[in-house]
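Residues per chain, in single letters:
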Amino acid sequence: MKRRVGGTEPGAEHDLAIPFTSVRALLDAYRARDADRVALVDLDQGRSITWGELHAEANRIANFLGQRGIGRGDYVAVLSNERLEKLILWMGIWRAGAAICPINVEMNIGYIARILRAIGPKLTLWHEAMDGPRMTDGVGGEIHRFGSWQGGADPDEFFARIAAVPAAPELAFDNAAGDIGSIYCTSGTTDEPKLFVCDMLGHWLFGLSTIDFLDLTEADRTLEYRSFGWNSAQGASLLPWMQTGCTLHFARRFSHSRFFEWIRDNRITFAIGIPTVINMLLDDPVEIERADIASLRFMSSSTAPLAPERWQQFEDRYGVGLLQFYGCSEGGWVCGNRHDYCRKGTVGPPAKHQELLIVDEDGKRCPPGVEGEVTLGGPQCVVASMSVDGEWEELRGRRIHLGDLGVMDADGFITVTGRLKDLIIRGGVNIAPAEIDNVLLRHPGVHEAAAVGVPDPIYGEEVVCYVVGRSGESLTEAEIAAHCKASLPDYRVPKEIHFVDALPKNDRGKVRRPDLRALWEAARAG
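Now for a description of the structure that goes with this document. (Residues numbered from 1 in each chain as written. Predicted model: local features only at pLDDT ≥ 70, side-chain atom pairs only at ≥ 80, totals over all residues. Heavy atoms only, no water.)

A look at the nonpolar core
- Of all hydrophobic cores here, the largest spans 92 residues; its most connected members are Leu 40, Leu 54, Trp 241 and Phe 259.
- Residues in contact with Leu 40, not counting those within four places in the same chain, are Arg 47, Ser 48, Ile 49, Leu 54, Leu 84, Leu 87, Trp 241, Leu 248 and Phe 250.
- Counting 28 residues, the second largest nonpolar core, distinct from the first, contains Cys 101, Ile 112, Trp 126 and Met 386. (Core = buried A, V, L, I, M, F, W, Y, C linked by side-chain atoms within 4.5 Å. Buried < 20%, exposed > 50% of the residue type's maximum accessible area, 1.4 Å probe, protein only. Contact = heavy atoms within 4.5 Å.)

Structure, rendered in structure tokens:
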């Protein structure tokens, strides 16, 4: 069932460096400031759009949606990899007051139609390079295919359909802080994706926290290469771009060979970083002089822990400052080192707009130096969650328990010390072991199986599995790997498969994954 959350003025107690501003007012301001200034650069397509062009196109889309009765409280899904058109549509959808559902098309395709049916979008837009009919199978509402925003000969393509819609007069609508902004997806800690519902204020505060970390201004030129379907890219790149009116450069994925070329040629001042990328650039160094990338002030490191030794090695090798951040799908930035206040080996102090508490088993605040569970609250957090079956859970006003263990020092810096959950974080992507377990157990020759994350120098963690075969069965690694590849994306397929006589379990019959990790480490040591 569709629900609405919003209409109030939450977060009034937070001191906002940039007051909440509607998409309409932002686009008007940037067009008035300099209509010919480049707003977005698609590095893969080699194309860009100015603030003046974006203003017109977003208003054209909003007017089209308004004609169809799509606005506040409605959901619009966009199925596309990262491209200029995706962000143009995003601005048009927000301009109309609808919530965007930017489903990550790189996830298991079998989930996408199910997710859309749970959300119930009034309109679904899919890029012509996607398998749109399969992704939208059984999905209600209007469904349109789109190609280039600059138009083409096909009259059925979305941008061609709206070409005759005038950009002016503008739709008389301004977003409110409590309006739903997006519904995005994460794998979370279960074997199925989970959906989170974020209001416009939550997005806004996430972006302000990024600006606070980095001291971003309209003069910055930022670089992103992750999917905007994940809230991390939204809060780290998209919202600061909107709030400052800087220039955002983006690519569909990281490129080892092109990364520093992008920075040099576009005079990038801030680039997204994750430990996997940092390790790649250290283990396979790029020969480039600091003078060639002098514009680059900082890179971030988030989505997974980064060893302080690697942090220092990167800064020494490339002369670029790194800032370790810590975030989550449910609440945006949890903590972050600042441009002027940083401590290696920590994830920094709590984010400016995050109401963070480290608590003990009884839910009481832990004093400095005492380890406890990291919990979140306040208006930067999501307002609801939804299962792929459409089960909605209200979260506003509730504290969110992350399952991470952390400790705060006397200066307010936080170190993440472990996880209560068995989540595997490979290259910054959350992988639930239970999903892999369930696939393994579907093989007729498998009696028991369990996946576990083990240390990896490139991805931070890698997936391995332990399998107990059924009596009389003769299994091979190749057979199990092929079975997994038939149901799992490549990054979730175990890279090592070990056959054992039994799995370690506790007295309640639950698999002890730490024992499996210890088994793996012992085999390497021997």
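Now that the structure has been shown, the text picks up again.
What to know about the environment of Gly 406
- Within the secondary structure, Gly 406 sits in strand S19 (residues 400-408).
- For Gly 406 and Cys 366, which are 40 residues apart along the polypeptide, the C-alpha to C-alpha distance reads 9.9 Å. (Helix = DSSP H or I, 4+ residues; strand = E, 2+ residues; numbered from the N terminus.)

Focus on the sheet that holds strand S23 (residues 446-456)
- Spatial strand order, S23-S24-S25: three strands in an open sheet with mixed pairing. Looking at strand neighbours, the two that pair on one side only are S23 and strand S25 (496-499), the edges of this open sheet. The average undirected angle you get between the axes of adjacent strands in this sheet is 25°.
- As paired strands, strand S24 (residues 460-469) and S25 are joined by four bridges and run parallel to one another. By the bridge assignment for S25, Val 467 is matched with Phe 499. (Pairing = 2+ DSSP bridges. Axes fitted to C-alpha atoms, helices over the stretch in contact; angles between N-to-C directions.)

Overview of the state of the cysteines
- Taken as a whole and assessed by the stated rule, the structure comprises zero disulfides.
- No disulfide involves Cys 246; its nearest neighbouring cysteine sulfur is the one of Cys 198, lying 19 Å away.
- Since its relative accessible area comes to 1%, Cys 246 is described here as buried.
- In this model Cys 335 remains outside any disulfide bridge; the closest cysteine sulfur is found in Cys 328, 9.9 Å from its own.
- For Cys 335, a relative accessible area of 0% corresponds to the buried category. (Disulfide = S-S within 2.5 Å.)

Thoughts on the packing of aromatic side chains
- The tally for this structure, following the rule as stated, stands at 20 aromatic pairs.
- Ring centres 5.8 Å apart and planes at 80° place the aromatic pair Phe 158 and Phe 159 in the edge-to-face group.
- Residue classification places Phe 158 among the buried positions, given a relative accessible area of 0%.
- Consider the rings of Phe 314 and Tyr 318, whose centres lie 5.0 Å apart with planes at 45°: the pair is tilted. In this pair, Phe 314 and Tyr 318 are both assigned in helix H11 (residues 308-318), four residues apart and thus about one turn of the helix distant. In this structure, Phe 314 and Tyr 318 share a single accessibility class: buried.
- One Lys or Arg, Arg 317, reaches over the ring of Tyr 318 and ends 4.7 Å from the middle of that ring.
- One residue, Arg 426, lies across the ring of Tyr 459, its end atom 3.8 Å from the ring centre. (Phe/Tyr/Trp six-rings, centres within 6.5 Å; stacked < 30°, edge-to-face > 60°. Lys NZ or Arg CZ within 6 Å of the ring centre and 35° of its normal.)

Comments concerning the side chain of His 353
- In this fold, His 353 is placed in the loop between strand S14 (332-336) and strand S15 (357-359).
- Here the side chain of His 353 touches His 14 through a polar contact of 3.2 Å, side chain to side chain. (Polar contact = N/O pair within 3.5 Å; in protein donor to acceptor, adjacent residues only side chain to side chain.)

Quick notes on H11
- When we look at burial in H11, the residues that qualify are Arg 310, Trp 311, Phe 314, Glu 315 and Tyr 318. Considered in projection along H11, the buried side chains sweep an arc of 135° and stay on one side of the axis. Facing away from the buried side of H11, by more than 90 degrees, are the exposed residues Glu 309 and Asp 316.
- Where H11 terminates, the next one or two residues include Gly 319, which has phi positive at roughly 70°. (Arc of directions from axis to C-beta.)

Quick look at the pattern of salt bridges
- With the rule as written, the count across this model stands at 32 salt bridges.
- Residues Arg 343 and Asp 409 are paired through a salt bridge, measuring 2.8 Å at the closest nitrogen-oxygen approach. Of this pair, Arg 343 sits in the loop between S14 and S15 while Asp 409 sits in the loop between S19 and strand S20 (414-419), placing them 66 residues apart in sequence.
- Each of Arg 24, Arg 95, Glu 170 and Asp 174 takes part in salt bridges that share partners, so that together they form one network. (Salt bridge = Lys/Arg side-chain N within 4 Å of Asp/Glu carboxyl O.)

A look at the sheet that holds S20
- Taking strand neighbours across the sheet as the criterion, the four strands line up as S15-S16-S19-S20 in an open arrangement whose pairing is antiparallel. Looking along the sheet, the strands with just one partner apiece sit at the ends: S15 and S20. Taken over all neighbouring pairs, the strand axes of this sheet differ in orientation by 50° on average, direction set aside.

A word on the pairing of S19
- Within S19, seven of the nine residues are buried, leaving the element largely enclosed by the surrounding structure.
- Inspection of the sheet shows strand S16 (residues 372-376) paired to S19 by four bridges, in the antiparallel sense. Across the sheet, residue Glu 373 finds its bridge partner in S19, namely Leu 405.
- Relative to S20, S19 is paired through five bridges, and the arrangement is antiparallel.

Quick notes on the side chain of Glu 224
- Inspection of the secondary structure puts Glu 224 in strand S9 (residues 221-224).
- Residue classification places Glu 224 among the buried residues on the basis of a relative accessible area of 0%.
- One polar contact links Glu 224 to Ser 237, side chain to side chain, over a distance of 2.6 Å.
- Setting aside chain neighbours within four positions, we find Glu 224 in contact with Ala 233, Ser 237, Leu 248, His 249, Phe 250, Ala 251 and Ile 272.

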